[in-house]
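In case you want the letters, here they are:
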Amino acid sequence: ERFKLGRVDLDRLEDIDETVRFGPRNVILVSFGPHYKNASRYERDLRSFCAWMKRGRDRKRATLIWRENSATHFPVSTGTHEEMMQLNYDG
C-alpha cells in the first residue's frame, strides 16, 4: 500500500503501522524535507521519526530508503528560506 505524509506525524504513522504492520518485507521511502521551512523543526521531527522507527520491533526490520531533498538556495545573504520569507513579509 502507499501512504503519503508531508511531515512527520507520529500519530498518523502509528495508525498506518497498525494497519500495515511494517516488517522485513516492507520498503519505507522517506522524503520529508521539502515540506519544512524551519530547519530546527525539521531536525526535531527527524529525530522523533528515527526514534519511532527504532521502537517498533518489526518496523525497524523494514527497508528504509531515505530520499534527501535537493538543496535550495534563495537570493539572500544566507541563502535560507527563513531570511527570504522575512524579507518578503517584513520589507
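Here is what the cut-offs are and how they apply
- Every residue gets a number counted from 1 within its own chain, in the order that chain's sequence is written.
- Local features in this predicted model are restricted to residues of pLDDT 70 or higher, and side-chain atom pairs are both shown and tallied only at a pLDDT of 80 or more, whereas totals for entire chains, interfaces and linings draw on every residue.
- For the side-chain quantities, the full set of heavy atoms in the structure was used; hydrogens and water were omitted.
- The helix and strand labels rest on DSSP assignments: H or I over at least four residues marks a helix, E over at least two residues marks a strand, and numbering proceeds from the N terminus.
- A helix is expected to span 1.5 Å for every residue after the first.
- Working definition: with a 1.4 Å probe on protein chains only, accessible area under 20% of the residue-type maximum means buried, over 50% means exposed, and in between means partly exposed.
- This arc is built from the directions going out from the helix axis to the C-beta atoms.
- In this analysis, two residues are considered to be in contact whenever any of their non-hydrogen atoms come within 4.5 Å of each other.
- The criterion for strand pairing is that DSSP finds at least two bridges linking the strands in question.
- Each axis is a line fitted through C-alpha atoms, taken for helices only over the stretch in contact, and angles between the N-to-C directions span 0 to 180 degrees.
- These descriptions rest on fixed angle ranges, namely under 35 degrees for roughly parallel, over 145 for roughly antiparallel, 65 to 115 for roughly perpendicular, and the rest for oblique.
- By the definition used in this description, the sense in which the near helix is turned from the far one sets the handedness, with an anticlockwise turn below a right angle giving left-handed and a clockwise turn giving right-handed.
- Gly counts as polar in this scheme, as do all residues outside two lists: the nonpolar Ala, Val, Leu, Ile, Met, Phe, Trp, Tyr, Cys and Pro, and the charged Asp, Glu, Lys and Arg.
- The nonpolar core is taken to be a set of buried Ala, Val, Leu, Ile, Met, Phe, Trp, Tyr and Cys residues, with the residues joined through side-chain atoms within 4.5 Å.
- Whenever Lys or Arg places a side-chain nitrogen within 4 Å of a carboxyl oxygen from Asp or Glu, that contact is recorded as a salt bridge.

Colleague: Would you mind going over helix α2 (residues 39–55) with me for this structure?
Modeller: Think of an α-helix as turning once every 3.6 residues; residues three or four places apart then point the same way. The end-to-end C-alpha separation of α2 is 24 Å, in line with the 24 Å expected for 17 residues at 1.5 Å each. Turning to α2, its buried residues are Y42, D45, L46, F49, W52 and M53. End-on, the buried residues of α2 take up no more than an arc of 120°, which puts them together on one face. Exposed positions of α2 whose direction lies more than 90 degrees from the buried face are R47, K54 and R55. Buried-residue contacts for α2 involve α1 (10–20), β1 (27–30) and β2 (63–66).

Colleague: Explanation requested: the pairing of β1 in the structure shown.
Modeller: Along any regular strand, the residues point their side chains to alternate faces of the sheet. Here β1 shows one buried face, formed by I28 and V30, and one open face, formed by V27 and L29. Strand direction decides the pairing type here: β1 and β2, joined by four bridges, are parallel. When the bridges of β2 are listed, V30 appears paired with W66.

Colleague: Quick question: what am I supposed to make of the packing of α1 against α2 here?
Modeller: The relative placement of two packed helices is expressed as an angle between their axes plus a distance between the axes. α2 packs onto α1 with a crossing angle of 25° between their chain directions and a minimal axis gap of 11 Å. Judged on the interaxial angle alone, α2 and α1 are roughly parallel. Both α1 and α2 take part in a crossing whose hand is right-handed. Residues L10, L13, E14 and D17 of α1 pack against S48, F49 and W52 of α2. Of the residues belonging to the contact of α1 with α2, the class tally is four nonpolar, one polar and two charged.

Colleague: So what exactly am I meant to see when it comes to the nonpolar core here?
Modeller: Generally speaking, nonpolar side chains in soluble globular proteins are found buried as a group. In terms of nonpolar packing, the biggest core is built from 14 residues, with I28, F32, F49 and W52 touching the most fellow members. Where this core is concerned, the elements lending two or more residues are α1, β1 and α2. Filtering out sequence-adjacent residues up to four positions away, W52 remains in contact with L10, L13, E14, D17, F22 and R59.

Colleague: What's the story with the pattern of salt bridges in this structure? I'm lost.
Modeller: Working definition: two side chains of opposite charge can pair if their charged atoms are close together. Summed over all chains, the structure comprises seven salt bridges. In this structure, D17 engages R59 in a salt bridge whose closest nitrogen and oxygen atoms are separated by 2.5 Å. Placement of the pair is D17 in helix α1 and R59 in the loop between α2 and β2, with a sequence separation of 42 residues. You'll find D17 and R59 in the same group, each marked buried. With a shortest N-O distance of 3.8 Å, D45 and R41 are connected by a salt bridge. Taken together, the positions of D45 and R41, both in helix α2 and four residues apart, correspond to about one turn of that helix. Relative accessible area serves as the criterion here: at 8%, D45 is assigned to the buried category. Assessed through its relative accessible area of 36%, R41 is described here as partly exposed.

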